[in-house]
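Secondary and tertiary structure notes
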Amino acid sequence: MKLTVDEDVAAGDADGLLSGRRKSSSVKVTIAPATPAQPKTLSHLPKRPPVDIAFSDLTYSVTEGRKKNAKTILKSVSGRLRSGELTAIMGPSGAGKSTLLNILTGYRTSGIHGSITINGQERNLSQFRKLSCYIMQDNQLHANLTVEEAMQVATALKLGSEVSKSEKEELIQEILETLGLSEHVKTMTSNLSGGQKKRLSIALELVNNPPIMFFDEPTSGLDSSSCFQCISLLKSLSRGGRTIICTIHQPSARLFEMFDHLYTLAEGQCVYQGSTQQLVPFLGKLGLACPSYHNPASFIIEVSCGEYGDNIRKLVTAIKNGKNDIRTGTPFPAIEALNNTTTPSNNVKLTNAQNGNNIVSVFNKDDKEVASEKKGNGIMLAAFKSNEKENGINGDASQVVIPVDLSANEKADNVNASLLDSGIVDTKRRYPVSEWKQFWVVLKRTLLFSRRDWTLMYLRLFAHILVGFLIGALYYNIGNDGAKVLSNLGFLFFNMLFLMYTSMTITILSFPLEMPVLLKESFNRWYSLRSYYLAITVSDLPFQTIFCVIYVTIVYFMTSQPPELERFAMFLSACLLIAFVAQSVGLVVGAAMNVQNGVFLAPVMSVPFLLFSGFFVSFDAIPIYLRWITYLSYIRYGFEGTALATYGFAREKLKCSQTYCHFKNPTTTLEELDMLDKDFRVDIIALVLIFIVLRVSAFVFLRWKLRAAH
Ligand SMILES: Nc1ncnc2c1ncn2[C@@H]1O[C@H](COP(=O)(O)OP(=O)(O)OP(=O)(O)O)[C@@H](O)[C@H]1O
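The rules behind these values
- Residues numbered from 1 in each chain as written.
- Predicted model: local features only at pLDDT ≥ 70, side-chain atom pairs only at ≥ 80, totals over all residues.
- UniProt positions renumbered as here; feature names shortened; annotations may be inferred.
- Pairing = 2+ DSSP bridges.
- Helix = DSSP H or I, 4+ residues; strand = E, 2+ residues; numbered from the N terminus.
- Axes fitted to C-alpha atoms, helices over the stretch in contact; angles between N-to-C directions.
- Near = placed C-beta within 6 Å.
- Buried ≥ 20, exposed ≤ 12 C-beta atoms within 10 Å, placed from the backbone.
- Domains from an automatic or database assignment.
- Contact = placed C-beta atoms within 7 Å.
- Nonpolar A, V, L, I, M, F, W, Y, C, P; charged D, E, K, R; others polar.
- pLDDT = per-residue confidence, 0-100.
- Core = buried A, V, L, I, M, F, W, Y, C linked by C-beta atoms within 7 Å.
- Parallel < 35°, antiparallel > 145°, perpendicular 65-115°, else oblique.
- Left-handed = near helix turned anticlockwise from the far one by under 90°.

- Going by what an unreviewed UniProt entry lists, the protein chain is known as ATP-binding cassette sub-family G member 1-like isoform X1 and is assigned to Thrips palmi.
- What UniProt records for the protein chain under Sequence similarities (unreviewed entry) is the sentence "Belongs to the ABC transporter superfamily. ABCG family. Eye pigment precursor importer (TC 3.A.1.204) subfamily."
- The UniProt entry for the protein chain carries this comment under Subcellular location (unreviewed entry): "Membrane".

1. So, the sheet that holds strand E6 (residues 132-135)
- One open sheet holds the six strands; their spatial order is E6-E7-E8-E3-E9-E10, and the pairing between them is mixed. Only two strands of the sheet have a single neighbouring strand rather than two, namely E6 and strand E10 (269-275). The sheet shows a mean angle of 15° between the axes of neighbouring strands, taken without regard to direction.
- Pairing analysis gives five bridges linking strand E7 (residues 212-216) to strand E8 (residues 243-247), with the strands arranged parallel. When the sheet's bridge partners are listed, Asp216 is paired in E8 with Thr247.

2. What about the site of the ligand?
- With respect to spatial proximity, the complete set of residues near the ligand consists of Val62, Glu64, Lys71, Ile73, Gly91, Ser93, Gly94, Ala95, Gly96, Lys97, Ser98 and Thr99.
- For the shell around the ligand, the secondary structure elements donating two or more residues are strand E1 (53-64), strand E2 (69-81) and helix H3 (97-105).
- Examining the composition of the shell around the ligand, we find that three residues originate from one element, H3, more than from any other.

3. Details of unusual backbone geometry
- You will see that Asn119, though not glycine, has its phi angle at about 45°, which is positive.
- Tracing the backbone shows Asn119 in the loop between strand E4 (112-118) and strand E5 (121-122).
- Although it is not a glycine, Glu267 sits at a positive phi angle of roughly 50°.
- The residue Glu267 is located in the loop between strand E9 (261-266) and E10 in this model.
- Classification of Glu267 as buried rests on a count of 20 C-beta atoms within 10 Å.

4. Thoughts on the domain arrangement of the protein chain
- Looking at the protein chain, the domain boundaries give domain 1 (83-95 + 125-322) and domain 2 (435-709).
- Counting residues at the interface gives 15 residues for domain 1 and 15 residues for domain 2.
- Of all the secondary structure elements, the ones that give two or more residues to the side of domain 1 that touches domain 2 are helix H4 (125-131), E6 and helix H5 (147-158).
- When residues in the side of domain 1 that touches domain 2 are grouped by element, the largest group, four residues, is from H5.
- By residue class, the composition of the side of domain 1 that touches domain 2 is seven nonpolar, three polar and five charged.

5. With respect to the confidence of the model for the protein chain
- In this model, the protein chain carries a mean pLDDT of 78, and residues with pLDDT of at least 70 account for 79%.
- Residue range residues 1-27 is modelled with pLDDT below 50. Its contacts to residues more than four positions away, or to other chains, number 22 contacts.
- Predicted confidence is poor over residues 341-398, with pLDDT under 50, and the contacts of this stretch with residues over four places away or in other chains come to 80 contacts.

6. Things to note about the UniProt feature "transmembrane region" (unreviewed entry) in the protein chain
- The UniProt record annotates "transmembrane region" (unreviewed entry) at residues 457-477, 489-511, 531-557, 569-593, 599-626 and 684-704.
- Here residues 489-511 runs as 100% helix and 0% strand, with 33 Å between its end C-alpha atoms.
- Within residues 599-626, the helical portion is 46% and the strand portion 0%, while the C-alpha atoms at the span's ends are 26 Å from each other.

7. Overview of the environment of Asn665
- Residue placement: Asn665 occurs in the loop between helix H24 (634-647) and helix H25 (666-672).
- Classification of Asn665 by C-beta neighbours within 10 Å gives partly exposed; the count is 17.
- Taking C-alpha positions, Asn665 is 7.4 Å from Glu652, a pair spaced 13 residues apart along the chain.

8. Looking at the nonpolar core
- Counting 156 residues, the largest nonpolar core has Ile89, Ala203, Phe214, Leu234, Leu499, Ile578 and Val581 as the members making the most contacts within it.
- The biggest single contributor to this core is helix H21 (residues 565-592), with 15 residues.
- Residue contacts for Val581: discarding those within four places in its chain leaves Tyr634, Leu687, Ile690, Phe691 and Leu694.

9. Let's talk about the packing of H5 against helix H7 (residues 194-206)
- Across the interface, H5 lies against H7 with an axial gap of 9 Å and an inter-helix angle of 25°. Classified by the interaxial angle, the pair formed by H5 and H7 is roughly parallel. Two packed elements cross with a definite hand, and for H5 against H7 that hand is right-handed. Residue-level contacts link Val147, Ala150, Met151 and Ala154 of H5 to Leu200, Ala203 and Leu204 of H7.
- Here the residues of the contact of H5 with H7 are counted per class, giving seven nonpolar, no polar and no charged.

10. Examining the sheet that holds E5
- With antiparallel pairing, the four strands of this open sheet are ordered in space as E2-E1-E4-E5. Edge positions in the sheet fall to E2 and E5, since each of these pairs with one other strand and no more.
- Sheet topology note: the E4/E5 ladder contains two bridges and is antiparallel. Bridged to Ile118 within E5 is Gln121.
- Taken strand by strand, H3 contacts E1, E2 and E4, and its axis lies near 115° from that of E1.

The following block contains the structure:
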């Protein structure tokens, strides 16, 4: 009788296992190794073509220091990454893994030499980005959305109107079920565990089924079980015909086995490229016998770090820095084609047929050799020499071949599957949905998490009400008193100060936090920067307006400013514009610099505008060569606007609570402020112009920052 542990038992059904043992104490029991449940398949995803990537002689340099010294990070590396395979880019820290990944994704575009092809054709970056996605290390999710909402946003932005709402819902359900997130649809993304966040990041990008998926350190910060789940998921995605490429530091032997293809870098050069199974035989052939029970992944890293001597050159030469297929000892056809040689495209098959060996036998032979040489000695240096002779290397490492019979398994490269000519990729449309639709989706999303953001909403509302009443109490009933005009001017100036700082600082603090998500989403072509920017511009205006109206209403009436609707409207409009302009200043600063610099610089930069606002020094008293600053000071226009609304437009004389009131006549006040001939409309127009200029500047900074980040 043969008892096999079924899935339930494998999943921890101890009772089942025990009852099996009880029943069959005298029979032979074969317990199959526990295998994790396989993820379900995805059937609702849009069809996509298989995509192979090849790169040849990729060199990446940066300039450093004052003298602009060039530093070469990638040194003429080549490689071939195929659809249906899970590829790991490994190497010691600083080897250039992230750099290579960033170049392959198209995230980094300058300072690069060499060529990259997609299915045998020169990569068109714009088209390539429609076919690929890049899932960065830190997930970059919006904290204030539930899993379901995040998925709805992704489907709304990434699937065109040809997919119906019910189909989108079905797709969401299927993806979440497949990725084990269906129980967490209502959970806020901020409350998900690290592994769940990673799966959600994958789920969001999976919506439009990109045939190429890049992952930067997908297992970082995950426990071993979550790591296994994550890599299993990537493996099943690759089995669906996708090209899955990820950087990984040092996977456990169990994880390592799950990768199909390994690309290893050391000091910016390729020291190994081939299947994970061929790694040990390959290294063995070069005299680098992997000790038994040693994780091959750790071994190649140790070799790359120079722990077994200086082997990097030997390894690089053996595979021609990634050009050669270790199974044939000849360049990969895809790379060969890149180098404009006449090698026939079926090179791999021909050579393999000639070799006619099997990977298993080579693997076993090497294992035996390694084991016998290792006995008691660890890795023997002699092994290298004997292996060199045996393999006929004799210093010519380029002859190393790990013969494999691939004729049964090897699928042809997708060299002729042109993505662009075949209509698989829509070359006309940059985004799956119109910019108008993108604007609506991003606007709705921004409004949703503004509503849920405690700091952004409730704290701000509370601050406006509290400060409003405080100011109202401090300057209570002074607006109509000729004896308290100077205090009233102080009140007008304080309004500007308060509205300016609250609107500016909240944006400086909150906007930079959005940047990483914006970077990821705009890179993965969720939306255009234009739609995003318009949406965030529009989304905060209603809230800012409500807070400002509440504050102004409280202070205006508590301080007894003229109870005329027209004057109130003018006063309010000047205050609103100041808040909008200050918010735009915050946006410029937030887009151009990080929070620390912004929080310091923005208030400091505001000081000249406050000084030249006309409250501290009247226009005539300002030295002529400094007067231009007053024209740039939005505070001046706001202060002037509220002063004119309060004292201008032939306001009748004020009451006087003392025997003599110098400012009883409002005209005297305006005269003192040099505002007699000023026009309220000019102030409003100036504020509107400054608002527009700042908003455009913030957009330009944002675009520059996004480009600089790539
Ligand atoms: N813009 C840059 N200016 C200067 N040096 C850089 C720049 N970008 C990368 N480097 C250097 O290039 C090398 C490779 O960096 P990269 O981030 O690709 O390494 P990595 O293999 O991903 O390392 P890790 O595993 O530690 O993340 C490092 O030495 C790094 O300091």
